[in-house]
Amino acid sequence: MSAASGSPSRSHKANGPVSDAGFVLDVRSLGRRPGTMREVRRTVTEHERLGLDLIAIPADAAVELDLQLQAVSEGVLVTGTVSGPTTGECSRCLEPFDDRVEIRLTELFAYPDSTTEQTTEDDEVYRMADDLIDLEPVVLDVIGLELPLQPLCTPDCAGLCPECGVRMAIAGPDHGHEILDPRWAKLADFAAEAPGTGDPAEGSTTPDRSAPAAADARVDSENTEEK
C-alpha cells in the first residue's frame with residue numbers, strides 16, 4: 001500500500017463503473033457549476049484491509065463517510081471525514097487491541113479536460129472519469145499517513161520484561177530479577193576456580209628455590225673469612 005498522498009486515482013472498479021456506491025461518488029448532479037455543493041453521508045463496507053502492517057481498518061469493517069463535494073473551476077473539491085474501527089498489535093507488549101481512526105480529507109479531483117488535468121503529472125493530482133470519483137485510493141493514502149508505524153495499546157504501555165518476556169502490565173509491582181553486577185561476577189568466577197596450576201597467569205605454586213641458594217652462599221662466604 002502506498003502511503004504517499006497524490007497518487008493517481010482509479011476511475012472505477014475493475015469489473016465496471018459503479019454509480020454512487022461504496023467509495024465511488026457520482027458528481028454529475030453538480031453540473032460543473034462552480035460553487036455547487038452536495039453532501040454525502042454513507043457507510044461503506046470495505047472488503048479489503050486498509051492500513052499498515054501493525055494496525056489497520058480490518059476487512060469487512062463499516063467505514064463512515066461524512067463528506068462535502070463542491071464544484072470548482074478545475075474539478076470537484078472533496079472535504080470531510082472518513083472514520084472506522086481499527087485493530088492492531090501493540091509494538092511494545094505485542095498484545096492485540098482495538099481502536100478507532102478518523103481522518104480528514106481535502107482533495108481536488110480534476111475534470112478530464114481541465115487545465116489542471118492537462119498540466120500536471122499523473123501522480124500530482126487525482127482525476128475524475130465519467131463523472132465518477134473513486135475515493136478509495138485517497139483513503140488508502142491518508143490512512144497510511146495517519147496511522148502510527150509503532151502503535152500502542154495504551155500511551156503508557158510498559159511493554160515486556162526484558163529478562164523473562166512477561167507483560168509488565170500483568171507482572172505486578174514486585175516483579176524483578178536478581179542480576180549480578182558483571183564486575184562481581186568475574187570475582188565470583190575467580191573464587192570458584194581450583195587452586196593455582198602453575199600457570200604464571202594464575203599465580204605459580206612452585207616453591208621459590210632462590211632463597212635457600214642465597215643462604216648457602218652467605219654461609220660459604222663467612223667460613224672463608226674465618227679461615
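Each value, and the rule that gives it
- Residues numbered from 1 in each chain as written.
- Predicted model: local features only at pLDDT ≥ 70, side-chain atom pairs only at ≥ 80, totals over all residues.
- Heavy atoms only, no water.
- Helix = DSSP H or I, 4+ residues; strand = E, 2+ residues; numbered from the N terminus.
- Buried < 20%, exposed > 50% of the residue type's maximum accessible area, 1.4 Å probe, protein only.
- Salt bridge = Lys/Arg side-chain N within 4 Å of Asp/Glu carboxyl O.
- Phe/Tyr/Trp six-rings, centres within 6.5 Å; stacked < 30°, edge-to-face > 60°.
- Lys NZ or Arg CZ within 6 Å of the ring centre and 35° of its normal.
- Pairing = 2+ DSSP bridges.
- Core = buried A, V, L, I, M, F, W, Y, C linked by side-chain atoms within 4.5 Å.
- Contact = heavy atoms within 4.5 Å.
- pLDDT = per-residue confidence, 0-100.
- Polar contact = N/O pair within 3.5 Å; in protein donor to acceptor, adjacent residues only side chain to side chain.

K.L.:
I tried to follow unusual backbone geometry on my own but got confused; where do I start?
P.N.:
Of note, the phi angle at Arg-32 is positive, near 55 degrees, even though the residue is not glycine. Within the secondary structure, Arg-32 sits in the loop between β1 (24–26) and β2 (37–46). Residue class for Arg-32 comes out partly exposed when judged on its relative accessible area of 38%. Even without glycine at this site, Asp-131 takes up a positive phi of about 60 degrees. Note on placement: Asp-131 falls in the loop between β8 (126–127) and β9 (132–134).

K.L.:
How should I be thinking about the pattern of salt bridges in this particular structure?
P.N.:
Pairing between side chains becomes possible if they bear opposite charge and their charged atoms approach one another. Following the criterion strictly, the structure yields three salt bridges and no others. The residue Arg-41 makes a salt bridge to Asp-66 at a minimum N-O spacing of 3.2 Å. Here the residue Arg-41 occupies a position in strand β2, and Asp-66 occupies one in strand β5 (residues 61–72), the gap between them amounting to 25 residues. Take Arg-41: its relative accessible area is 57%, and that puts it in the exposed class. One continuous salt-bridge network, built from bridges that share partners, spans Glu-39, Arg-41 and Asp-66.

K.L.:
What is the right way to look at the packing of aromatic side chains in this model?
P.N.:
Aromatic ring pairs are described here by two measures, namely the spacing of the ring centres and the angle between the planes. Scanning the model with the defined rule gives one aromatic pair in all. Their ring planes at 35 degrees and their centres at 5.5 Å tell us that Phe-109 and Tyr-126 sit as a pair that is tilted. One end of the pair, Phe-109, is in strand β7 (residues 96–110); the other, Tyr-126, is in strand β8, with 17 residues separating them in the sequence. Note on Phe-109: relative accessible area 0%, which makes it buried. Taking the relative accessible area as the measure of exposure, Tyr-126 reaches 0% and is therefore buried. One cation-aromatic arrangement involves Arg-32 over Tyr-111; the distance from NZ or CZ to the ring centre is 4.3 Å.

K.L.:
How should I be thinking about the pairing of β2 in this particular structure?
P.N.:
For a regular strand, side chains alternate in direction, first toward one face of the sheet and then toward the other. Residues Arg-38, Val-40, Arg-42, Val-44 and Glu-46 of β2 are buried on one face, while the alternating residues Met-37, Glu-39, Arg-41, Thr-43 and Thr-45, pointing to the opposite face, are not. Bridge analysis of β2 against β5 gives 10 bridges, and the strand direction is antiparallel. Counterpart to Arg-38 in the pairing with β5 is Leu-69.

K.L.:
Which parts of the structure should I look at to understand the nonpolar core?
P.N.:
As a rule of thumb, nonpolar side chains are buried together in soluble globular proteins. Ranked by internal contacts, the top residues of the largest apolar core, which has 38 residues, are Leu-67, Val-76, Ile-133 and Leu-135. If you tally residues by element for this core, the top one is β5, at six residues. Non-local contacts of Leu-135, meaning those with residues more than four positions away in its chain, are made with Phe-23, Leu-25, Leu-67, Val-78, Leu-105 and Phe-109.

K.L.:
Teacher, can you tell me more about the confidence of the model for the chain here?
P.N.:
Low pLDDT marks stretches whose predicted atomic positions should not be read closely. For the chain, the average pLDDT comes to 77, and 68% of its residues sit at 70 or higher. Predicted confidence is poor over residues 1–17, with pLDDT under 50, and the contacts of this stretch with residues over four places away or in other chains come to 43 contacts.

K.L.:
What is the right way to read helix α2 (residues 136–146) from this model?
P.N.:
Spacing of three or four residues puts side chains on the same side of an α-helix, whose turn is 3.6 residues. Where burial is concerned, most of α2 is hidden: nine out of the 11 residues are buried. Inspection of α2 places Glu-136, Pro-137, Val-138, Val-139, Leu-140, Asp-141, Val-142, Ile-143 and Gly-144 among the buried residues, and these make up the whole buried set.

K.L.:
Help me understand the environment of Asp-134, please; the structure alone is not making it clear to me.
P.N.:
One can find Asp-134 in strand β9. A relative accessible area of 0% means that Asp-134 is categorised as buried. Sequence-wise, Asp-134 and Gly-22 are 112 residues apart; in three dimensions their C-alpha atoms are separated by 8.9 Å. Separated by 3.1 Å, the side chain of Asp-134 and the backbone nitrogen of Glu-136 make a polar contact.

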